[in-house]
Amino acid sequence: MTDFLPLNGTDYIELYVGNAKQAAHYYKTAFGFQALAYAGPETGVRDRTSYVLVQNKMRLVLTSPLNSNHPIAEHHKKHGDGVKVLALWVDDAFQSYKETMSRGAKSYMEPTTLTDEHGEVRMAGIHTYGEVVHLFVERKNYQGAFMPGFIEWKSDYNPKPTGLLYVDHCVGNVGWDQMNPWVKFYEDVMGFKNILSFDDKDISTEYSALMSKVMSNGNGYVKFPINEPAEGKKRSQVEEYLDFYEGEGVQHIAVATNNIIETVTDLKNRGVEFLKIPATYYETVLDRVGKIDENLKPLSDLGILIDKDDEGYLLQIFTKPVEDRPTMFFEIIQRKGAKSFGKGNFKALFEALELEQDARGNL
Ligand code: FE2
């Protein structure tokens, strides 16, 4: 069967935030993103500002409204800072729209062609869970910095990159009994496959439980795990997210690195805060995962987790939420053969998460 929605990867991720100028400073300073493009009053956009940042293959767009009755202001009032757009890089945006709409997608943006002196970008968009949307972006005939409507952003402030490479996966939190309907959406409407599942039995019920199914497109370049809360002895971390985000949305963005020890050391030095893992984790971890290339000491000093599957192992770590609401956070991941998502770390991870949740009075 041919793939009716061929994807080249993630094109960009757009966050609606309260103060895009300051958020851009944070992502440059703390995460090492580079200035790429800008849109706002100076470029003829009267109602919002957008700062586009890049690091290797990952583009982040930060957008704020300039008046209170703007739809983005409504979005921000309800959700706080959060992901609005998971844009997908395609060769044919209009065909992507046609194929997904004919399979039941709900339209967000009719097929649109944007042009400027650097060429054209074709786009279209559909809704997914919560208020999140997927935009199909076709840029093969475009040579500008980002897309028409944006100017190249040349900044005098350019902190060094931290080794972040590309988006490995992007996780959505959905409500009770909503995981399977969204799994079906990704299967039926977007042609994704369910490549892994975790039910509440994978995660001891002593801990704040969740269920998760990992959806992947045909070539594996785009992976969207979908979480829903599960009943446990304590309040599910997914439920805490849903309460504070006031709806379904993106829980975390996992970003790949080729050297997690260097990347995380750098991020920590720049003020990024990570979940703390109990030292006892490292007493037994090698019994579980076997031999690894890295020394255990720097991994345990930084709190980096290790897991393995049939194809290799992976190293991963999770930031604390990057907003005041306990909502979205980042994962930094280095894959050394493993294609999985760190199931062996769930227990240690959830214990660490619970400590944070408890400190917020939300357990
Ligand atoms: Fe993840």
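Residues numbered from 1 in each chain as written. Predicted model: local features only at pLDDT ≥ 70, side-chain atom pairs only at ≥ 80, totals over all residues. Heavy atoms only, no water.

Chemist: Give me the sheet that holds strand β3 (residues 48-55): which residues, what numbers.
Modeler: Across the sheet, nine strands lie side by side as β6-β7-β8-β5-β1-β4-β3-β2-β9; this open sheet has mixed pairing. On the outer flanks of this sheet lie β6 (107-116) and β9 (151-152), each paired with one strand and no other. (Pairing = 2+ DSSP bridges. Helix = DSSP H or I, 4+ residues; strand = E, 2+ residues; numbered from the N terminus.)

Chemist: Now, about the pattern of salt bridges: what can you tell me, with residues and values included?
Modeler: Charged atoms that come close allow side chains of opposite charge to pair. Within this structure, the stated rule accounts for 20 salt bridges. For R103, the salt bridge goes to E99, with nearest N and O atoms at 2.6 Å. On the basis of relative accessible area, R103 is assigned to the partly exposed category, the value being 33%. Judged by its relative accessible area of 18%, E99 falls in the buried class. Between R360 and E240 there is a salt bridge, with the nearest N and O atoms lying 2.8 Å from each other. With R360 in the segment after α9 (346-359) and E240 in helix α5 (residues 237-245), the pair connects residues that are 120 residues apart, well separated along the chain. Assessed through its relative accessible area of 32%, R360 is described here as partly exposed. The class for E240 is buried, based on a relative accessible area of 3%. Through salt bridges with shared partners, a single network forms among D92, R122, E138 and K140. (Salt bridge = Lys/Arg side-chain N within 4 Å of Asp/Glu carboxyl O. Buried < 20%, exposed > 50% of the residue type's maximum accessible area, 1.4 Å probe, protein only.)

Chemist: So what's going on with helix α7 (residues 281-289)? Residues and values would help.
Modeler: What α7 keeps buried is the set Y281, Y282, V285 and V289. The buried residues of α7 all sit within an arc of 70° when viewed along its axis, so they share a single face. Those residues of α7 that are exposed and aimed more than 90 degrees away from the buried face are E283 and D287. Those residues of α7 that are buried lie in contact with α8 (296-302), β15 (305-309) and α9. (Arc of directions from axis to C-beta. Contact = heavy atoms within 4.5 Å.)

Chemist: Outline the coordination of the iron ion, listing residues and values.
Modeler: With distances of 2.0 to 2.2 Å, the protein atoms coordinating the iron ion are H169 (NE2), H252 (NE2) and E331 (OE). Donor residues for the iron ion sit on one chain with the sequence pattern H-x82-H-x78-E. Here E331 lies in strand β17 (residues 329-336) and H252 lies in strand β14 (residues 249-256), a separation of 79 residues in the sequence. Note on H252: relative accessible area 7%, which makes it buried. (Donors = N, O, S within 2.8 Å, 3.2 Å for Na, K, Ca; no water.)

Chemist: Any details on the domain arrangement of the protein chain? Residues and values, ideally.
Modeler: By the assigned domains, the protein chain splits into domain 1 (9-152) and domain 2 (164-360). Distance from the C-alpha centre of domain 1 to the C-alpha centre of domain 2: 25 Å. Contact residues are listed per partner, giving 40 residues for domain 1 and 34 residues for domain 2. When the area that domain 1 buries against domain 2 is broken down by residue, the three leading residues are F31, M58 and Y129, summing to 23%. Our enumeration of links across domain 1 and domain 2 arrives at zero salt bridges. The interface formed by domain 1 and domain 2 holds twelve residue pairs in polar contact (both at pLDDT 80 or more) in total. Looking at the side of domain 1 that touches domain 2, the elements with two or more residues in it are β1 (9-16), α1 (20-29), α2 (71-79), β5 (82-89), β7 (119-127) and β8 (133-138). Per-element tally for the side of domain 1 that touches domain 2: the top contributor is α2, with five residues. (Domains from an automatic or database assignment. Buried area = accessible area lost by both parts, 1.4 Å probe. Polar contact = N/O pair within 3.5 Å; in protein donor to acceptor, adjacent residues only side chain to side chain.)

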